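Each chain is listed here by its residues.
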Amino acid sequence: MGLLDSLKKAFSKPYKTISVAQAKELLGSGATLIDVRSAQEWRTGRAPQAKHVPLDRLQASTAGIQKAKPVIAVCASGVRSASAARMLAAKGYDAYSVRGGMAAWRQAGEPVR
């Protein structure tokens with residue numbers, strides 16, 4: 001591996017940032033959606049299929065999140081979900097972060113409960 005390949009690998013993201021439409025497509029194929037927002041944020045509205053796994057709890061344990069399926073993280077704007085996806089990818093998950101978070105989810109007209 002050359003220097004350029006080494007640099008690309010060192011600076012590449014271990015997860016993928018995806019749009020709401022791409023997230024919906026992955027969910028249709030069996031992916032798991034985790035919402036990493038706080039309990040207070042969770043109560044303000046969430047994607048119907050989301051599991052609530054606050055970021056601080058995810059940092060301590062990934063128990064209950066299957067490695068066999070892709071995992072999509074969502075937060076309010078996309079910052080915490082990127083951290084969650086990075087953490088999950090480091091543990092061997094096929095991880096994704098929703099670009100724009102729940103704000104983008106709502107803007108796309110997706111259901112919220």
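Quick note: structure is the one above.
As the structure is a prediction and not an experimental result, all values here were calculated from the model. (Residues numbered from 1 in each chain as written. Predicted model: local features only at pLDDT ≥ 70, side-chain atom pairs only at ≥ 80, totals over all residues. Heavy atoms only, no water.)

**What to know about the overall build of the protein chain**
Helix and strand content of the protein chain: six helices and five strands. Shown N-terminal to C-terminal, the secondary structure of the protein chain runs as helices and strands in the order α-β-α-β-α-β-α-β-α-β-α. Relative to a compact globule of 113 residues, whose C-alpha radius of gyration would be 13 Å, the protein chain shows 14 Å and is just as compact. Looking at the protein chain as a whole, 40% of its 113 residues are labelled buried. Long-range contacts, defined as pairs at least 24 residues apart, comprise 65% of the intrachain contacts of the protein chain with a sequence gap of at least 6. (Helix = DSSP H or I, 4+ residues; strand = E, 2+ residues; numbered from the N terminus. Rg over C-alpha atoms; globule rule 2.2 N^0.38 Å. Buried < 20%, exposed > 50% of the residue type's maximum accessible area, 1.4 Å probe, protein only. Contact = heavy atoms within 4.5 Å.)

**Looking at helix α2 (residues 20-28)**
Of all the positions in α2, only Val20, Ala23, Leu26 and Leu27 are classed as buried. An end-on view of α2 places all buried positions within 120° of arc, on one side of the element. Opposite its buried face, α2 presents the exposed residues Ala21, Glu25 and Gly28, each directed more than 90 degrees away. Downstream of α2 by a residue or two, glycine 30 has a phi angle that is positive, lying close to 105°. (Arc of directions from axis to C-beta.)

**Concerning the sheet that holds strand β2 (residues 32-35)**
Strand pairing within a sheet occurs via backbone hydrogen bonds; the two strands may be parallel or antiparallel. If you walk across this open sheet you meet the five strands as β1-β5-β4-β2-β3, and the pairing is parallel. What marks the edges here is a single partner per strand, and that holds for β1 (16-18) and β3 (51-52). The pairing of strand β4 (residues 71-74) with strand β5 (residues 95-98) spans three bridges and is classified as parallel. Looking at the pairing, isoleucine 72 lines up with tyrosine 96 of β5. Against the sheet, α2 makes contact with β1, β2, β4 and β5, and its axis sits at roughly 105° relative to β1, the strand it touches most. (Pairing = 2+ DSSP bridges. Axes fitted to C-alpha atoms, helices over the stretch in contact; angles between N-to-C directions.)

**Observations regarding the environment of proline 111**
Among the secondary structure elements, proline 111 is positioned in the segment after α6 (101-107). The spacing of proline 111 and alanine 47 is 64 residues in sequence and 6.3 Å in space, taken between C-alpha atoms. Among all residues touching proline 111, those that are not within four sequence positions of it are Arg46, Ala47, Pro48 and Trp105.

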